[in-house]
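# Coordinate inspection notes
Chain residues, written in single-letter form:
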Amino acid sequence: MLKEITILRSHGRQYVKNLRTQPVSDLFRGRPIISGNISDEDINGVAAICPVNAIDKKSGSIDMGRCAFCKECSFMQPERIRFTNDYRIAANSREALIIHPGDDNPVRLDEAKIRREVRKLFKGALKLREVSAGGDNSCEMELTATGNVNFDFGRFGIEFVASPRHADGIVITGPVTENMEEALNICYNAIPTPKIIILAGTDAISGGIFEESPALNRKFINENHIDLYVPGNPIHPLTFINGVMDLLGIK
Ligand code: SF4
């Protein structure tokens, strides 16, 4: 017994005690801040090197739903664009993912857009089915990490399940390829109503670097109500966790 206690003590506390305030490395690329003084010339320069057209040439805003978080724009304009380590960047509207020059406000969910039945039914327990629709296994790995001993998202009764019949919602990763379109619809239709849709990662939100590819079929994304957008390339487990907690009204 003494031996086991000694081992436990040497391991220390593994779980993240407060998932809301857990600090992350300064190197993490989260919410960007663009200087309000950025010139048209500077905007054109960074927009030209952005690999995913995430920078609007007219306004200089950065769309986190497209951004690959490669930081090339920040390397080019370190005085004008920087990426904070703020990981609470999930939103429930597509527009909220667009960061404008001079904007340094935290990204939060619009309470008025959260469907009433979502909190009423799922606040105590939420089961999710994950569908990798042409994903590269990066966001999928981060989603798996949400349930590990560190993040332990299961402490709120939130976990991934193997069957859509047992799920309350769907989490989609990947840009949604033509080959996965039918499977995605079959999975979604198998989930009992009401059900939620969460898009995890840049590829799922906008198509990412594959946006123009003829191999994609984004009809499902375009035609269904999305409850939560979780940006990141890949997402951080804390971004997903905090987004879902906000959606469900968990403090
Ligand atoms: S960090 Fe985002 S906005 Fe900046 S160049 Fe890369 S993809 Fe474009």
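Residues numbered from 1 in each chain as written. Predicted model: local features only at pLDDT ≥ 70, side-chain atom pairs only at ≥ 80, totals over all residues. Heavy atoms only, no water.

## Examining the packing of aromatic side chains
Considering all chains together, one arrives at 5 aromatic pairs under this definition. Here Phe153 and Phe240 contribute two aromatic rings whose centre-to-centre distance is 6.3 Å and whose plane-to-plane angle is 80°, an arrangement assigned as edge-to-face. Residue Phe153 is located in the loop between α5 (138-145) and β6 (158-160), and its partner Phe240 is located in helix α9 (residues 237-248); the two are separated by 87 residues in the primary sequence. Just as Phe153 is buried, Phe240 falls in that class too. Three or more aromatic residues joined by ring pairs form one cluster here, namely Phe153, Phe156, Phe160 and Phe240. Note that Lys195 overlies the ring of Tyr188, its terminal NZ or CZ placed 4.2 Å from the centroid. (Phe/Tyr/Trp six-rings, centres within 6.5 Å; stacked < 30°, edge-to-face > 60°. Helix = DSSP H or I, 4+ residues; strand = E, 2+ residues; numbered from the N terminus. Buried < 20%, exposed > 50% of the residue type's maximum accessible area, 1.4 Å probe, protein only. Lys NZ or Arg CZ within 6 Å of the ring centre and 35° of its normal.)

## Considerations on the nonpolar core
Ile81, Ile170, Ile172, Ile197 and Leu199 are the most contacted members of the largest nonpolar core, which has 41 residues in total. Elements that contribute at least two residues to this core include exactly α2 (40-49), β3 (81-83), β7 (169-173), α6 (178-190), β8 (196-200), α7 (202-206) and α8 (219-223). Excluding its chain neighbours within four sequence positions, the residues that come into contact with Ile172 are Glu130, Val131, Ala133, Leu184, Ile197, Ile198, Leu199, Ala200, Ala204, Phe220 and Ile221. In terms of nonpolar packing, the next biggest core, distinct from the first, is built from 32 residues, Leu128, Phe151, Ile198 and Leu238 among them. (Core = buried A, V, L, I, M, F, W, Y, C linked by side-chain atoms within 4.5 Å. Contact = heavy atoms within 4.5 Å.)

## Points about unusual backbone geometry
For residues other than glycine, phi is negative in most cases, and the peptide bonds are mostly trans. Across the junction of Thr193 and Pro194, the peptide omega takes the value -5°, indicating a cis bond. Locating Pro194 in the fold gives a position in the loop between α6 and β8. Put simply, Asn233 and Pro234 share a cis peptide bond, and its omega is 5°. Relative to the elements of secondary structure, Pro234 occurs in the loop between β9 (228-230) and α9. You will see that Phe69, though not glycine, has its phi angle at about 55°, which is positive. By the element assignment, Phe69 lies in the loop between β2 (62-63) and α3 (72-76). On the basis of relative accessible area, Phe69 is assigned to the buried category, the value being 6%. Unusually for a residue other than glycine, Asn137 sits at a positive phi of about 75°. Inspection of the secondary structure assignment puts Asn137 in the loop between β5 (126-132) and α5. Here Asn137 falls in the partly exposed class, since its relative accessible area comes to 46%.

## Concerning the pattern of salt bridges
A complete count under the given rule lists 13 salt bridges for this structure. With a closest N to O distance of 3.4 Å, Asp42 and Arg80 form a salt bridge. Of the two residues, Asp42 is situated in helix α2 and Arg80 in the loop between α3 and β3; the sequence distance between them amounts to 38 residues. (Salt bridge = Lys/Arg side-chain N within 4 Å of Asp/Glu carboxyl O.)

## Some details on empty space enclosed by the protein
Summary: where empty space remains is shown by rolling a probe the size of a single water molecule over the atoms. Here the structure, examined in full by the defined rule, presents 3 cavities of 30 Å³ or more. Each pocket or cavity is described by its volume, and for the largest cavity that value is around 90 Å³. As for the largest cavity, its lining consists of 15 residues, and the residues nearest its centre are Cys50, Cys67, Cys70, Lys71 and Cys73. In the lining of the largest cavity, the residues fall into 13 nonpolar, no polar and 2 charged. Approximately 50 Å³ is the volume attributed to the second largest cavity. Forming the walls of the second largest cavity are Asn92, Lys113, Ile114, Arg115, His225, Ile226, Asp227 and Leu247. (1 Å grid on protein atoms, 1.4 Å probe; cavity = no way out; pocket = protein on both sides within 12 Å on 5 of 7 lines; lining within 4 Å. Points joined across faces, edges and corners; volume = space filled by probe spheres on them. Nonpolar A, V, L, I, M, F, W, Y, C, P; charged D, E, K, R; others polar.)

## With respect to the pairing of β8
Burial analysis of β8 places 5 of its 5 residues in the buried class, which makes it a mostly covered element. Every second residue of β8 is oriented toward a common face, with Ile196, Ile198 and Ala200 on one face and Ile197 and Leu199 on the other, all of them buried. The pairing of β7 with β8 spans 4 bridges and is parallel. Its bridge partner lying in β8, Val171 is registered against Ile198. Note that the unit made of β7, α6 and β8 has a crossover that is right-handed. Examined bridge by bridge, β8 and β9 share 3 bridges and lie parallel to one another. Opposite Leu199, over in β9, you have Tyr229 as the bridge partner. (Pairing = 2+ DSSP bridges. Right-handed = clockwise from strand over helix to strand, strands pointing away.)

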